Structures are given as structure tokens and as C-alpha cells.
Amino acid sequence: MKRLLILEDGTVFEGKAFGADANVVGEVVFTTSMTGYQETITDQSFNGQIITFTYPMVGNYGINRDDYESIAPTCKGVVVKEFARLASNWRNQLTLDEFLKRKGIPGIAGIDTRALTKKLRSAGTMKGMLVDKGDELNHLFDQLKATVLPHNQVAQVSTTKPYPSPGIGRNVVVVDFGLKHSILRELSKRECNLTVLPYNTDAQTILDLHPDGVMLTNGPGDPKDVPGAIEMIQQIQGKVPIFGICLGHQLFSLANGADTYKMKFGHRGLNHPVKEIATGRIDFTSQNHGYAVDENTIDPEKLMVTHIEINDGTVEGVRHREFPAFTVQYHPDAAPGPHDGLHLFDEFMELMDAWKEQRNA
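The protein is annotated in an unreviewed UniProt entry as Carbamoyl phosphate synthase small chain of Candidatus Enterococcus clewellii. UniProt annotates the protein under Sequence similarities (unreviewed entry) with the comment "Belongs to the CarA family." Here the protein is described in UniProt, under the heading Subunit (unreviewed entry), as follows: "Composed of two chains; the small (or glutamine) chain promotes the hydrolysis of glutamine to ammonia, which is used by the large (or ammonia) chain to synthesize carbamoyl phosphate. Tetramer of heterodimers (alpha,beta)4."

Set out below in C-alpha cells:
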């Protein structure tokens with residue numbers, strides 16, 4: 001069956017349908033990841049987006065039980081040059097086609113993903129629609145242009161009720177803005193006792209749990225769409241150590257007077273080089289975000305820029321000058337991607353221990 005990807009600028013790509021039989025609208029983005037399509041599709045930071053994979057073949061090792069970053073993915077669609085109908089891997093449980101059908105996510109294959117990516121790089125991300133061929137194009141273009149993309153994305157993907165992930169070590173509160181399971185895995189490896197809370201949890205509820213530290217997770221969309229979280233961060237910082245990742249980094253920066261902006265096409269891939277300013281250390285990182293912190297708006301008396309992206313110079317990390325708190329824009333948990341940033345979880349452990357020792361002195 002033929003399927004079309006139409007863009008709001010009038011461009012039409014024709015390809016072959018796979019995955020679910022559904023018409024969808026979303027923001028069309030691209031990722032340069034060469035592996036990890038299962039983790040990418042199930043990453044809630046892709047909520048509401050149609051994901052274009054620049055790597056030419058996707059699906060060749062299937063879907064397995066170990067690589068989910070969430071159980072119910074909320075991306076809108078998948079765009080590939082070629083999808084593998086047969087999966088060859090000892091861990092394989094489903095083909096990509098079967099998985100997308102079960103999750104209600106349509107895909108399109110056989111289009112020129114290179115041309116699509118070049119368009120998104122030059123024009124920026126834009127709205128798009130996946131539809132079956134044969135529908136009236138003029139009507140679909142009108143519908144696409146009139147569609148307003150949602151601004152409640154974090155509410156769509158955050159847990160609605162608190163839940164524990166028991167451990168025997170440090171007591172960590174995880175505020176879920178659309179977390180990747182790999183964040184929980186890394187904290188659990190360090191024997192942390194975890195309590196996962198909804199995105200709209202107030203500061204007092206968090207402090208009443210007497211945490212040794214608070215993790216602000218990744219998530220989708222514009223950080224300015226979550227004003228309650230900004231207020232919460234302002235009320236807990238200085239009272240408990242904080243580690244923020246991706247959206248958590250942006251929210252923490254907003255809470256301390258900085259501004260954020262929408263990037264032209266964002267960072268989505270596994271090979272973004274990031275420099276730690278203090279040491280000159282270069283880490284290759286996994287990234288997935290469409291917004292960034294504006295360095296020109298950072299108050300140097302409050303925040304210190306700790307990391308920058310080498311390719312475009314954007315802010316990749318900050319640390320509070322007074323409070324025990326630091327954040328990074330990239331994903332130190334990887335999944336998928338290089339493990340260069342895993343040491344940051346250990347730094348969070350050290351920060352919590354030092355804070356606890358100082359408090360008990």
C-alpha cells in the first residue's frame with residue numbers, strides 16, 4: 001500500500017506503508033542515530049513527532065524486551081529509507097513492522113530521507129502528515145496548516161501517580177517529565193532507593209519525602225509549557241541536591257533566570273561532541289532536544305556554564321554557584337549511544353554524600 005508524507009510547505013514524499021494503518025499529524029524531525037531505533041521510538045521526548053531516521057536501513061535486528069525506554073511510545077510516526085521485513089538477532093521478539101502495528105504508529109519507507117533531512121536542516125522542523133495515497137491533497141494541506149500542535153506534551157507522558165523503585169542506598173526523588181527507563185537503570189545500579197513522582201508535584205511533597213537528592217528527567221516539548229515545574233525547582237534548590245537531564249536542564253535554567261529558545265532543527269543523534277570547560281574533556285553524547293538555553297541570558301552570579309556543544313557552541317551544562325545542583329542538556333544514560341557521560345551519575349552520588357555530610361556536621 002502506498003503512503004504519503006506531506007509537509008506544511010507543500011512538499012510531498014511518496015513511499016510504501018508499514019506499521020499501523022493510521023493518518024497522523026506531527027512535527028517532522030530527524031535523528032542521525034545509526035543504531036538504537038527501538039530506544040529512539042520509545043523515548044518519550046519524541047512525543048508528538050514524526051521521526052525520520054537518516055541511517056538507510058532500520059529494523060534489521062527487530063524489537064526485544066531489554067531496549068524499551070518506555071512501554072507505551074507516543075511518537076506519531078516513523079520515516080525510513082528501507083525497513084527490514086525480517087529481523088536477524090538472537091534477542092528479537094517482534095519485527096519493527098509488528099511492533100508499530102501493535103502500538104498504533106504508522107511508518108513510511110522508500111522515500112529519499114537524505115532529501116527530507118536536507119530540507120529540515122535548511123527550513124527547520126515543520127508540521128507533517130502521514131496519510132494513505134488517494135486522499136484529497138488540497139484538503140489535507142488545509143487540514144495540516146490549520147492543525148495546532150499540542151502544548152501539554154509533558155502531561156501526556158508523565159506518570160499520573162507516584163511509584164517506588166526500591167533500593168537500599170541513597171533516597172532519590174525522580175520527577176518524571178517523560179523519563180527514559182535508562183535513567184532509572186543507572187540510579188538503580190548505584191543502589192538508590194527511588195520514588196518517581198508526576199511532573200506537577202509541588203515542592204513540599206518532594207521535601208516531605210526527605211530525599212538525599214532530586215533528579216529532573218528528560219521530556220518532550222517547550223520547557224516554558226511547564227511553569228509549575230519551574231516554581232517547584234525554585235522552592236527546592238538549596239534544600240536538596242539536584243541533577244537535571246535534558247528538559248530538566250532547561251527547566252532548571254529557567255528557574256534561575258535564564259531563557260530558552262526553539263532551535264532550527266535541534267540535536268537528535270548519538271555522536272554530538274560536548275566539551276567540559278573546566279577540564280577540556282570531550283565526551284561524545286546522545287542527544288534529543290529541540291530547545292536550548294540561551295547563553296546570553298544566563299546570570300553569571302547564579303549559574304556557571306560547564307559544558308558546550310563543539311559543533312554549534314550551544315550550552316550543554318550548567319552548575320549553580322551557591323547550591324548543590326548541576327544539569328546537562330545531553331543524555332548521560334545513553335540508551336542508545338556512547339557511555340562517555342555515565343560518570344555524571346557518580347558525581348551526583350558524590351554530591352549527595354557531600355551535602356549529607358555537611359548537613360550532619
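A.B. asks: Just checking my understanding: could you explain the domain arrangement of the protein for this structure?
C.D. replies: For an interface, size is often stated in terms of accessible area lost upon the parts coming together. The assigned domain composition of the protein is domain 1 (2-149) and domain 2 (154-360). Taking both partners together, domain 1 and domain 2 bury about 1,900 Å²; carbon and sulfur atoms supply 47% of that area. For domain 1, the biggest contributors to the area lost against domain 2 are Gln44, Ser45 and Glu69; these three give 29% of the whole. Taken together, the connections running from domain 1 to domain 2 amount to 2 salt bridges.

A.B. asks: Help me out: how do you make sense of the UniProt feature "binding site: L-glutamine" (unreviewed entry) in the protein in this one?
C.D. replies: Here, UniProt's "binding site: L-glutamine" (unreviewed entry) annotation points to Ser45, Gly219, Gly221, Leu247, Gln250, Asn288, Gly290 and Tyr291. For this annotated set, covering 247 residues, all C-alpha atoms fall within 13.4 Å of each other, a compact arrangement in space. Within the secondary structure layout, Asn288 lies in strand E16 (residues 282-294). Residue class for Asn288 comes out buried when judged on its relative accessible area of 5%. Leave out the neighbours within four places in its chain, and Asn288 touches Asp43, Ser45, Phe46, Cys246, His267, Arg268 and His331. For Asn288, the side chain forms a polar contact with the side chain of Asp43, separated by 3.1 Å. Inspection of the secondary structure puts Tyr291 in strand E16. Filtering out sequence-adjacent residues up to four positions away, Tyr291 remains in contact with Gly221, Asp222, Pro223, Gln250, Tyr261, Lys262, Met263 and Gln329.

A.B. asks: Would you mind showing me how to read the UniProt feature "active site" (unreviewed entry) in the protein here?
C.D. replies: UniProt's entry tags Cys246, His331 and Asp333 with the feature "active site" (unreviewed entry), counted in the numbering of this structure. Over a stretch of 88 residues, the named residues converge on one spot in the fold, their C-alpha atoms separated by at most 11.1 Å. You can see His331 is positioned in the loop between strand E19 (325-328) and helix H10 (343-360). With a relative accessible area of 2%, His331 lands in the buried category. What His331 contacts, discounting residues up to four positions off in sequence, is Lys180, Asn218, Ile245, Cys246, Ser286, Gln287 and Asn288. With respect to the helices and strands, the residue Asp333 is situated in the loop between E19 and H10. Taking relative accessible area as the criterion, Asp333 reaches 3% and is therefore assigned buried. Not counting the four nearest positions on each side in its chain, Asp333 is found in contact with Lys180, Ser182, Ile183, Glu186, Ile245, Leu342 and Phe345.

A.B. asks: What exactly am I supposed to notice about the sheet that holds strand E11 (residues 171-175) here?
C.D. replies: Working definition: the strands of a sheet are paired by backbone hydrogen bonds and lie parallel or antiparallel to each other. A sheet is described by the order of its strands in space; here 10 strands give the open sequence E10-E12-E11-E13-E14-E19-E18-E17-E15-E16, paired in mixed fashion. Here the strands that pair on one side only, and so sit at the sheet edges, are strand E10 (163-165) and E16. Here the strands of the sheet are splayed against their neighbours by 20 degrees on average, with no regard to which way each runs. Inspection of the sheet shows strand E17 (residues 303-309) paired to strand E18 (residues 315-320) by 5 bridges, in the antiparallel sense. Within E18, the position partnered with Ile308 by the bridge is Val315.

A.B. asks: Explain the environment of Gly280 to me, please; I cannot follow it from the model alone.
C.D. replies: On the secondary structure map, Gly280 appears in the loop between strand E15 (259-276) and E16. In this structure Gly280 comes out as partly exposed when scored by relative accessible area, which is 33%. Gly280 sits 27 residues away from His307 along the chain, and the two C-alpha atoms are 9.4 Å apart.

A.B. asks: Would you take a moment to explain the pairing of E15 for this structure?
C.D. replies: Within a regular strand, side chains alternate between the sheet's two faces. For E15 and E16, the ladder comprises 11 bridges, and the chain directions are antiparallel. Bridged to Thr260 within E16 is Val293. Taking the residues between adjacent antiparallel strands as the criterion, E15 and E16 are bridged by 5 residues, where Gly280 takes a positive phi near 80 degrees. Note: E15 against E17, 3 bridges, orientation antiparallel. Bridged to Val274 within E17 is Glu309.

Thresholds applied
Residues numbered from 1 in each chain as written. Predicted model: local features only at pLDDT ≥ 70, side-chain atom pairs only at ≥ 80, totals over all residues. Heavy atoms only, no water. UniProt positions renumbered as here; feature names shortened; annotations may be inferred. Domains from an automatic or database assignment. Buried area = accessible area lost by both parts, 1.4 Å probe. Salt bridge = Lys/Arg side-chain N within 4 Å of Asp/Glu carboxyl O. Helix = DSSP H or I, 4+ residues; strand = E, 2+ residues; numbered from the N terminus. Buried < 20%, exposed > 50% of the residue type's maximum accessible area, 1.4 Å probe, protein only. Contact = heavy atoms within 4.5 Å. Polar contact = N/O pair within 3.5 Å; in protein donor to acceptor, adjacent residues only side chain to side chain. Pairing = 2+ DSSP bridges. Axes fitted to C-alpha atoms, helices over the stretch in contact; angles between N-to-C directions.

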